[in-house]
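One-letter residues, chain by chain:
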Amino acid sequence: MQAAMDITAKYCHKEMEAYGSCVASNPSTWQLKCHELKIKVAQCTSSHPVIQKIRQDCSSEFVEFERCLRENQDKPTSCSQHVARFLGCAETVDLSGVDPVPQPS
């Protein structure tokens, strides 16, 4: 997962920073106030082949994490076990044969 985080930070640094700041600044309303920034991060990362592979191979863990966030909008830290499961899955994804540089569409 560190590889995915590094890739996200490398290719989507501006979007990640803005979203992270928004969430930190709005602990009880971040789901509503930061939605547009979340979309921008998702758009940025969705085109990256390494991240696509991790989301594909760990889709059930990712869906559970997102569900937890929706159900615990006022206390996102309560989803730490879901994050751990997703990160654990991401660590096991076989990235051999995945081009780490996205091709322009």
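Keep in mind that this is a model prediction, so the values were computed, not measured.

### Structural notes on the UniProt feature "domain: IMS import disulfide relay-system CHCH-CHCH-like Cx9C" (unreviewed entry) in the chain
Here is step 1: This chain's UniProt record puts "domain: IMS import disulfide relay-system CHCH-CHCH-like Cx9C" (unreviewed entry) on residues 5-49 and 52-91.
Here is step 2: Secondary structure within residues 52-91 divides into 78% helix and 0% strand; the distance between the first and last C-alpha atoms comes to 14 Å.

### A few points about helix α6 (residues 80-92)
Here is step 1: Taking 1.5 Å of rise per residue, 13 residues should cover 18 Å, and α6 covers 19 Å from first to last C-alpha, within 8% of that figure.
Here is step 2: Taken as a whole, α6 has its buried residues at His-82, Phe-86, Cys-89 and Ala-90. Angularly, the buried residues of α6 cover 100° about the axis, an arc narrow enough to put them on a single face. Seen from the buried face of α6, the exposed residues on the opposite side, beyond 90 degrees, are Gln-81, Glu-91 and Thr-92.
Here is step 3: Check the buried side of α6 and you find it contacts α4 (49-57) and α5 (59-71).

About the thresholds
Residues numbered from 1 in each chain as written. Predicted model: local features only at pLDDT ≥ 70, side-chain atom pairs only at ≥ 80, totals over all residues. Heavy atoms only, no water. UniProt positions renumbered as here; feature names shortened; annotations may be inferred. Helix = DSSP H or I, 4+ residues; strand = E, 2+ residues; numbered from the N terminus. Expected span 1.5 Å × (residues − 1). Buried < 20%, exposed > 50% of the residue type's maximum accessible area, 1.4 Å probe, protein only. Arc of directions from axis to C-beta. Contact = heavy atoms within 4.5 Å.

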